[in-house]
Amino acid sequence: EFDRMLSEQLDRQPVPENAVHRVTPWAASIGYLTWGLILTTLHLDFLYLQYLLPTVGFALLVLGLRSLRRENRMFFAGWVFSLAQAAWHLVTLLLDVTALPLPMDATALGLIVTGADLIQLLLVRQGIKQVFARAGQTMPSDPMLRVVIWQLIAVGLALSPLAHSWLAFIPMLIFYIVSVRALYSLGT
């Protein structure tokens, strides 16, 4: 009798908002992915942050995709890509620190790294779409597609005469913030 009464009382109690967030592994993984994306994109060239922030970002990407790798093949492939990118980042970091020359031209190397970033973003996008499809829901938005478009525009701007223009930087920053916030909101 006591158990039944206790159960009925608990059914009427509202569930705190943060209780659901704490037990949803999806939220933590998407949070790690979002912060990893931010930190690998953000480059601040003072106080050695140009080395520290991307390193932490790659670690967050690996951790975020590690917990999702068993959901579907796309997340697994994204996780493998994140491991490869983290290893590549550490190799280039060691080459930078030891002042050894890079094995190829910096522009070609940058395009290869950007291509790998785009492949990883597309893999994660497909993984997210498969999760929503399996749940029988449609994604409220497609933030990963926005991030892919942002990265393509950023590459185009970097290769154009507008590379150092504030008129190009401010809209790109606003578009990036909106995209990343939409990605983060997928986890809640």
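Residues numbered from 1 in each chain as written. Predicted model: local features only at pLDDT ≥ 70, side-chain atom pairs only at ≥ 80, totals over all residues. Heavy atoms only, no water.

Topic: the overall build of the protein
Point 1. Tallying secondary structure elements over the protein gives 8 helices and 0 strands in all.
Point 2. For the protein, the sequential pattern of α-helices and β-strands runs α-α-α-α-α-α-α-α.
Point 3. What you see for the protein is a C-alpha radius of gyration of 20 Å, clearly larger than the 16 Å of a compact globule of 188 residues, by over 25%.
Point 4. The principal-axis extent of the C-alpha atoms belonging to the protein is close to 75 × 35 × 35 Å.
Point 5. Contacts in the protein between residues far apart in sequence, at least 24 positions, make up 68% of those at least 6 positions apart.
Point 6. Entry remark: accessible area of the protein is about 12200 Å², with carbon and sulfur atoms responsible for 69%.
Point 7. Here the protein carries 12 positive and 11 negative side-chain charges, and the mean point of each set is 6 Å from the other. (Helix = DSSP H or I, 4+ residues; strand = E, 2+ residues; numbered from the N terminus. Rg over C-alpha atoms; globule rule 2.2 N^0.38 Å. Contact = heavy atoms within 4.5 Å. Areas by Shrake-Rupley, 256 points an atom, 1.4 Å probe, with all protein chains shown as cover. Lys, Arg positive; Asp, Glu negative; His and termini not counted. Charge placed at Lys NZ, Arg CZ, Asp CG, Glu CD.)

Side note on helix α4 (residues 49–68)
Owing to its 3.6 residues per turn, the α-helix brings residues three or four apart onto one side.
Point 1. Taking 1.5 Å per residue, 20 residues should reach 28 Å; α4 reaches 28 Å between its end C-alpha atoms and fits that length.
Point 2. Burial in α4 covers these residues: Leu-49, Leu-53, Pro-54, Gly-57, Phe-58, Leu-60, Leu-61, Val-62, Gly-64, Leu-65 and Leu-68. (Expected span 1.5 Å × (residues − 1). Buried < 20%, exposed > 50% of the residue type's maximum accessible area, 1.4 Å probe, protein only.)

Here we look at the nonpolar core
Point 1. Residues Trp-26, Leu-33, Phe-75, Val-124 and Ile-128 are the most contacted members of the largest nonpolar core, which totals 31 residues.
Point 2. Residue contacts for Ile-128: discarding those within four places in its chain leaves Trp-26, Ile-30, Phe-75, Met-139, Met-144, Leu-183 and Leu-186. (Core = buried A, V, L, I, M, F, W, Y, C linked by side-chain atoms within 4.5 Å.)

Focus: the pattern of salt bridges
Point 1. Enumeration according to the criterion identifies 2 salt bridges in this entry.
Point 2. Note that Arg-134 and Glu-71 form a salt bridge whose closest N and O atoms lie 2.4 Å from each other. Taken together, the residues Arg-134 in helix α6 (residues 106–134) and Glu-71 in the loop between α4 and α5 (73–98) connect sequence positions 63 residues apart.
Point 3. The exposed category is assigned to Arg-134, whose relative accessible area is 55%.
Point 4. Given a relative accessible area of 35%, Glu-71 falls into the partly exposed group.
Point 5. As a salt-bridge pair, Arg-125 and Asp-142 come within 2.6 Å of each other at their nearest N and O atoms. Separated by 17 residues along the polypeptide, Arg-125 in helix α6 and Asp-142 in the loop between α6 and α7 (143–158) bring together distant segments of the chain.
Point 6. On the basis of relative accessible area, Arg-125 is assigned to the buried category, the value being 15%. (Salt bridge = Lys/Arg side-chain N within 4 Å of Asp/Glu carboxyl O.)

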